[in-house]
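What follows is each chain in one-letter form.
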Amino acid sequence: MTPTRRRRRTKPRGATAPGFIVVTGFSGAGKSQAIRALEDLGYFCVDNLPVPLIPTFADMTQVRSDVSRAAVVIDVREGEGLSRFPKVYAQLKRRRGLEPRLLFLEANEAMLLRRFSETRRS
């Protein structure tokens, strides 16, 4: 019996996984599930990182050889600092070699109400 070779999965030409993803969206829309899925795909993930620290985190991902892909979650827990995010994201987009992607999650009202009642403490 000869061993079978596993076929390597290849990506279509031009298809590359983003190296830096910012996950945000409505409360209850699935940000935690999204970040867990990204972690399962090999992303280095940080939840609830303050907006002013995002550029530092992005710098780290570009200089560390053991971190090739990273994702960060930001949401309303950020409070007033959230208003700084558009400027910070614009700075990230100008960085050579980073090519960040923004993943904004939303859900319809019925889904949000159901998830809120399932996951929130009294």
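In the block above lies the structure referred to throughout.
Description of the structure in this document.

What counts, and where the lines are drawn
- Residues numbered from 1 in each chain as written.
- Predicted model: local features only at pLDDT ≥ 70, side-chain atom pairs only at ≥ 80, totals over all residues.
- Heavy atoms only, no water.
- Salt bridge = Lys/Arg side-chain N within 4 Å of Asp/Glu carboxyl O.
- Helix = DSSP H or I, 4+ residues; strand = E, 2+ residues; numbered from the N terminus.
- Buried < 20%, exposed > 50% of the residue type's maximum accessible area, 1.4 Å probe, protein only.
- Contact = heavy atoms within 4.5 Å.
- Pairing = 2+ DSSP bridges.
- Axes fitted to C-alpha atoms, helices over the stretch in contact; angles between N-to-C directions.

## Section: the pattern of salt bridges
Close approach of charged atoms lets side chains of opposite charge pair.
For step 1, the next point in the chain: What the rule picks out here adds up to 2 salt bridges.
For step 2, the next point in the chain: When the shortest N-O distance is used, the salt bridge between Asp59 and Arg95 registers 2.4 Å. Of this pair, Asp59 sits in helix α2 (residues 54-63) while Arg95 sits in the loop between α3 (85-94) and β4 (100-105), and the two are 36 residues apart along the sequence.
For step 3, the next point in the chain: Judged by its relative accessible area of 37%, Asp59 falls in the partly exposed class.
For step 4, the next point in the chain: A relative accessible area of 23% means that Arg95 is categorised as partly exposed.
For step 5, the next point in the chain: Close ionic contact of Arg64 with Asp66 constitutes a salt bridge, the shortest N to O distance being 2.6 Å.

## Section: the environment of Gln62
For step 1, the next point in the chain: Take Gln62: it is sitting in helix α2.
For step 2, the next point in the chain: Spatially, the C-alpha atoms of Gln62 and Phe20 are 9.6 Å apart, while their sequence positions differ by 42 residues.
For step 3, the next point in the chain: Among residues more than four places away in sequence, those in contact with Gln62 are Arg95, Arg96, Gly97 and Leu98.

## Some thoughts on the sheet that holds β4
For step 1, the next point in the chain: The parallel open sheet is built from 4 strands, whose spatial order is β2-β3-β1-β4. In this open sheet, the two edge strands, each paired with only one partner strand, are β2 (44-47) and β4. Across the sheet, the mean angle separating the axes of adjacent strands is 15 degrees when strand polarity is ignored.
For step 2, the next point in the chain: Of the strand pairs in this sheet, strand β1 (residues 20-25) and β4 are connected by 6 bridges, and their pairing is parallel. Bridge assignment links Ile21 to a residue of β4, and that residue is Arg101.
For step 3, the next point in the chain: Of the strands in this sheet, β1, β2, β3 (70-73) and β4 touch helix α1 (residues 31-40), which is tilted by about 160 degrees from β1.
For step 4, the next point in the chain: In the packing of α3 onto the sheet, the strands contacted are β1 and β4, and the crossing angle to β4 comes to about 145 degrees.

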